[in-house]
Amino acid sequence: MPNNITLTTTETFRTFRRNWLSVIGGLLVLAVFVVAVLAPWISPHDPSKIDVKHILVGPTVEHPFGTDELGRDVLARMIYGARISLEVGFVAIGIATLIGILVGAIAGFYGGYIDSAFMRFVDIMLSIPTIFLVLAVIAILEPNIMNIMIVIGLTSWMEPARLVRAEFIAIKEREYVTAARALGATDFRIIFKHILPNGLSPILVSATMGIGGAILVESGLSFLGLGVQPPTPSWGSLLSSGKDNIEIAWWLSAFPGLAILITVLGYNLLGEGIRDALDPRQRE
Amino acid sequence: MLFYSLKRLLLMVPILLGITVLSFTIMHMAPGGPAEAQMEFSAKASAEARERLRKLYGADQPVHKQYITWLRKFVTLDFGEAFADGRKVKDKILERLPITLTINLLSLAVVLLLAIPIGILSATHQYSSLDRFTTIFVFVGYSMPHFWLALLLIYFFGVQWGLLPISGLQSLDLTGLSGWDRLMDKANHLVLPVFVSAVGGLAGFSRYMRNNMLEVLRQDYIRTARAKGLSENVVVYKHALRNALMPVITILGLSLPGIIGGSVIMEQVFGIPGMGQLMYQAVFSRDYNVAMGVLVPAAGLTMLGNFLADIGYALTDPRVRLK
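Small disclaimer: the values here were computed from a predicted structure and weren't measured.

Asks: Hey, could you run me through the interface of chain B and chain A in this one?
Replies: Interfaces are often sized by the amount of accessible area the parts lose when they come together. On the side of chain A, 42 residues touch chain B, which itself brings 45 residues to the contact. Surface buried jointly by chain B and chain A totals about 3800 Å² across both partners, of which 82% is contributed by carbon and sulfur atoms. Contact with chain A buries area across many residues of chain B, yet Phe139(B), Ser143(B) and Trp148(B) alone supply 16% of it, more than any other trio. Linking chain B with chain A are zero salt bridges, by the criterion used here. Secondary structure elements with two or more residues in the side of chain B that touches chain A: helix H1 (2–29), helix H6 (129–143), helix H7 (146–160), helix H8 (179–217), helix H12 (264–270), helix H13 (275–284) and helix H14 (288–316) of chain B.

This is how it looks when you write it as structure tokens:
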């Protein structure tokens, strides 16, 4: 058996590597991650250093991506912004995936009325426009990084929940689950030890793509002035302050947007690659 | 089938009720009410005046009583009045709906006109350079913040080249323009918003169309059609296309709420007074009647769209019969 598992893992990895788009995706994700981790060492300037003599300077050798309305270096702010944007993406999707797994596991495992009640609640959440939920919750909480992550998490757990539920319904009838039950395993043990590890792959795909989605939502919220608040540099807040000067300083909007595009693209390609590699039915 | 449809329709009532309860609760959890939101800028307003205003809005009642009052009126299709200006919510919605509808219907038309041919061509020429290009376009279209694209287009088309107006629905001064020029002025204002709204849909839809087409082209009946000696054009456009188009009904059903809803961010970028902006303002000024008036029909349409998508699918494809 162990031999068999290594074989499929190698095969999965091979399929993944054969797909050039997913390799690009993986490299983009890795590159942004490295930039975020190494920010203090690779940043050319201090991201919050104000320089009144060089306000709104276009791209030069000194400032490759120009400076903003306070003379701060845009590249440096973007490098530090990578930390914030990735943090928002990871934590928000972590919250969403956790809620999704709990709701989906309970609904799928127990079925019946519990399932109906949980899934009708998912229907309700999905029928209310996300932007309304986000706006209304932001009106309750202060717009700071922590709350942004919570809000995005609370409004994007429905898809993972449905995926987990479907996996649970399919897996709970398998022999090894019946065997575990016959051996007297508790529900808790069956759910988390026997079923969940076997149903994780669709969640892995949806979480990977979800990180990109969360970064996009954060940028949208920042654009409306409800996201990460200045002077903290998330890509969304950089883009949002860039829009006020779009007519005279295009670089303030162009580069942060490009960073978002590249990062989200990376996660989407990576997610698609993982899906293809894990799901042999989709192979052509 | 009929029984199933009826059951689904009936089930929509409790869900819609749940939606109203949930959104009403969330909105009332926010600190401050309509009276506070209105008096925020007049610090001198006496506590007495504030109390009068609260009473006027019914905000002095407990939340569940406010909800029941609201629901009683709502089921008779009375959306109430906006707190901000005392006008009927229905009127406010009706003056914004045509704007949002125009933009979204135009962009849906653009999406359909472009995505279907692109999808067909990239499926029939799988792995060609066209297919590779559209694959990249799809991923890029999905991955960028659309308001960023809007900003770039505003910069190039509006500021740099001065080709298109960048904001609003028409020029400020229309005097002296003939009827035709006025129409052209409005059309020019719509180009960028319609294009940007179409990008996301175009990416998703052309990918979807391509995958449908690939799926259908692999079927046995296509092999039979080819084996009969039919020309490739007849096989693709007659036999395959019809079957590949069926799932499109699903997508059309699912895009129903988006057509009415309007995008808050997009309307903000282009300064368009549409439905999204109305809801955005309503949520922040705690104008519960307006917010609920926009939200509940939108949520109802989402469910109706899902329902129609399922039914339409079952009607066009006899193999899919719902239990």
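Here the narrative resumes.
Asks: In this structure, what is going on with the pattern of salt bridges? I would like to understand it.
Replies: Working definition: two side chains of opposite charge can pair if their charged atoms are close together. Enumeration over the complete set of coordinates arrives at nine salt bridges over all chains. With a closest N to O distance of 2.9 Å, Arg120(A) and Asp123(A) form a salt bridge. Taken together, the residues span about one helical turn, with Arg120(A) and Asp123(A) both in helix H5 (residues 112–127) at a distance of three residues. When its relative accessible area of 18% is taken as the criterion, Asp123(A) is described as buried. Note that Lys88(B) is salt-bridged to Glu81(B), the shortest N-O span being 3.6 Å.

Asks: Would you explain the nonpolar core in this entry?
Replies: Where a protein is soluble and globular, its nonpolar side chains tend to be buried together. Judged by nonpolar contacts, the single largest core of 119 residues is most densely connected at Phe132(A), Trp157(A), Trp235(A), Val269(B) and Phe270(B). Non-local contacts of Trp157(A), meaning those with residues more than four positions away in its chain, are made with Ala96(A), Ile99(A), Gly100(A), Val103(A), Phe121(A), Val122(A) and Met125(A).

Asks: Any chance you could explain the packing of aromatic side chains here in plain terms?
Replies: The way to describe two aromatic rings as a pair is by their centre distance and the angle between their planes. Residues and elements named next belong to chain A. For the structure shown, the criterion picks out 18 aromatic pairs over all chains. Aromatic side chains Trp 250 and Trp 251 sit 5.9 Å apart centroid to centroid with 80° between the ring planes, which places their arrangement in the edge-to-face category. Residue class for Trp 250 comes out partly exposed when judged on its relative accessible area of 31%. Looking at Trp 251, the relative accessible area reads 7%, which means it is buried.

About the criteria used
Residues numbered from 1 in each chain as written. Chains lettered and ligands numbered in written order. Predicted model: local features only at pLDDT ≥ 70, side-chain atom pairs only at ≥ 80, totals over all residues. Heavy atoms only, no water. Contact = heavy atoms within 4.5 Å. Buried area = accessible area lost by both parts, 1.4 Å probe. Salt bridge = Lys/Arg side-chain N within 4 Å of Asp/Glu carboxyl O. Helix = DSSP H or I, 4+ residues; strand = E, 2+ residues; numbered from the N terminus. Buried < 20%, exposed > 50% of the residue type's maximum accessible area, 1.4 Å probe, protein only. Core = buried A, V, L, I, M, F, W, Y, C linked by side-chain atoms within 4.5 Å. Phe/Tyr/Trp six-rings, centres within 6.5 Å; stacked < 30°, edge-to-face > 60°.

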